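Report on the structure
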Amino acid sequence: HSTLFLEKTYNNVNSVFDDLQAVLSECPPLGLETLRIDDFQLHASTVKRYGLGAHRGRLNIQAGIYEDDFYDGAWCAGRNDPLQWFEVDARRLTKFTGVITQGRNSLWLSDWVTSFRVMVSNDSHTWITIKNGTEDMIFEGNHEKEVPVLNEFPEVLVARYIRINPRSWYENGSICMRVEILGCPLPDPNNYYHRRNEITTTDNLDFKHHSYKEMRQLMKVVNEMCPNITRIYNIGKSHNGQKLYAIEISDNPGEHEVGEPEFRYSAGAHGNEILGRELLLLLMQFMCQEYLAGNPRIIHLVEATRIHLLPSINPDGYDKAAEVGSELGGWSLGRWTQDGIDINHNFPDLNSILWEAESRKWVPRKPSNHHIPIPEWYLSENATVAAETRAVIAWMEKIPFVLGGNLQGGELVVTYPYDMSRTQWSTKEYTSTPDDHVFRWLAFSYASTHRLMTDASRRVCHTEDFAKEDGTINGASWHTVAGSMNDFSYLHTNCFELSMYVGCDKFPHQSELPQEWENNRESLIVFMEQVHRGIKGVVRDVQGKGIPNAIVAVEGINHDIRTAADGDYWRLLNPGEYKVTARAEGYSLATKVCEVDYEMGATQCDFFLRRTNMSRIREIMEKFGKQPIYLSAKQVRHRAAQRRRHI
């Protein structure tokens, strides 16, 4: 019966579906890359070894460095012959419309399939092969191992199972494939597997991929909906001249309020990591809608925080990735800027400067343990620095950010500084900051509220099981990176910056966006709320005027922060009791004990500093041009009389 059904479906498909091209364009990936398809739905005729099993035959999956890894970079058949196959069980009747293939991800070997047949079945026993007239249709495969190749079927196939049967392969390689299947599951309310995995959202947001023009238009729409709490501005331009737009969300947009912390999210430093870009566009819509709807949590966040969202740091790279589409860019197309620079590794390496100074025992005199200046060579016009990187640095220096997160893709983990290993030549080494406990909490606050990051039963994206580490990892213990945004932010400014890898798929199909939003929504909000953890206050002189650039130091933590232009400061700390000292040039220092509660909300800890005698003398001397102060004869006689009386 299954054979008869398949033949009738295959022969009469045109009468069932009126617009074939519409179906082809509408049917999204089944989800091999996004892990919507689980390992138990993937099967193969033979496997070379477990690390090259059917569960590894997912589009864009990445291998480890060594070829004997438990997790490798494709499905590879145990034998090279035309009898091999790779099978996907959709677990319900599905309209299959196409297949995307890649070769094996490997640093050492070149393996890919150059041609293949496609077969479908309802019971996994009886198979129907796609025909070209009376002959089996042979689809053209890959010409190298990384660039994905799309083959659309000439007719829609309705079945539960689909097989790829390699017919030829690279002559110096083996049968190895990474695959994505395009298909539309047919409605089946009784299907247990579908109901178990179905994610729905009640948020009325614009779930689609946005071009540069559409992104700008969406920002304008949100600004018009919520003009009293939003402001659009740009921080600079890309290599191709596209403005880097940001949106501010605050109850007084456009101005820094004394005592109100500044928070930032950025995304798209790697132009092909699109999910973060779309999550920030969804977040700005959500914040506006919920504020208008009277959501007390969002209202409090907006009124107590100045929030900045920068959705696309690298719009030029995005354009390259978007041009080929969500499934066909491979792992790296669009990652770099137009002039070939990886923005995430393009910031000044201040770690080496600090660590060398510490080894020579120069710290804290030269340089200090914070606000380390940018080297002169980096500021020269000839330095290899992207226009986008310079714009971000200027943004970071202009606004007194307290906490930030940069959204990336291709994994499910939150990383925290340092990103660079302290030991030279070490590729993986836990390298902690003086604020390690705070960073670990901040990372956990995001990961623990994400729907998948801490799920011990979830499948790993590629080769690392981050769920065992509560979905967080020290950047340097994962892989060392010099010049990261996180390390630079910590060492050059007051801002604590972390990286959120928000999904296994860097560029998911837009049909996946509602689920990805549900996965990340609570985490995005919770992390913003952490900007109100620790202590805050204003450092003033005895006349009550704020002192800018005053240093606030916490005993036992070898990393200080500085006050903003109005003398206000924010110091992220975990709950506990801290001895805090404020000092500024020309003032006597002041110390007090500040207690941080477990309740959300920073503890107020203000300081008043008195001018030192030396600073007053200097001020008087500068006032008189550093000349002796001449007294009249009457003043001299008066002072002499005063001295005689004291004697």
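Going by the structure above, here's the rest.
The following paragraphs examine the structure supplied in this document. (Residues numbered from 1 in each chain as written. Predicted model: local features only at pLDDT ≥ 70, side-chain atom pairs only at ≥ 80, totals over all residues. Heavy atoms only, no water.)

Things to note about the packing of aromatic side chains
Applying the stated criterion to the full structure yields 26 aromatic pairs. Centre to centre, the rings of Phe 263 and Phe 527 are 5.9 Å apart; their planes meet at 70°, and the pair counts as edge-to-face. Taken together, the positions of Phe 263 in strand S13 (residues 262-267) and Phe 527 in helix H15 (residues 513-529) put the pair 264 residues apart, joining distant regions of the chain. The burial state of Phe 263 is the same as that of Phe 527; both residues are buried. Linked through ring pairs, Trp 355, Tyr 418, Phe 439, Tyr 490 and Phe 496 together constitute an aromatic cluster. In this structure, Arg 216 is placed above the aromatic ring of Tyr 245, and the distance from its NZ or CZ to the ring centre is 4.5 Å. Against the face of Trp 395 rests Arg 264, its NZ or CZ located 6.0 Å from the ring centre. (Phe/Tyr/Trp six-rings, centres within 6.5 Å; stacked < 30°, edge-to-face > 60°. Helix = DSSP H or I, 4+ residues; strand = E, 2+ residues; numbered from the N terminus. Buried < 20%, exposed > 50% of the residue type's maximum accessible area, 1.4 Å probe, protein only. Lys NZ or Arg CZ within 6 Å of the ring centre and 35° of its normal.)

Topic: the sheet that holds strand S12 (residues 243-249)
Strand pairing in a sheet relies on backbone hydrogen bonds, with the paired strands running either antiparallel or parallel. Spatially, S11-S12-S14-S13-S15-S18-S16-S17 is the arrangement adopted by the eight strands of the open sheet, whose pairing is mixed. Two strands close off the open sheet at either side, each with one partner strand: strand S11 (230-237) and strand S17 (472-474). Taken over all neighbouring pairs, the strand axes of this sheet differ in orientation by 25° on average, direction set aside. Taken together, the five bridges between strand S16 (residues 411-416) and strand S18 (residues 496-503) define a ladder with antiparallel strand orientation. Across the sheet, the residue bridging to Leu 412 is Val 502, located in S18. In the packing of helix H12 (residues 436-447) onto the sheet, contacts are made with S13, strand S15 (401-408), S16, S17 and S18, and the angle to S18 comes to roughly 30°. Those strands touched by H15 are S13, strand S14 (306-310), S15 and S18, and its axis lies near 150° from that of S13. (Pairing = 2+ DSSP bridges. Axes fitted to C-alpha atoms, helices over the stretch in contact; angles between N-to-C directions. Contact = heavy atoms within 4.5 Å.)

Remember, this is a structural readout, not a statement about activity or role.
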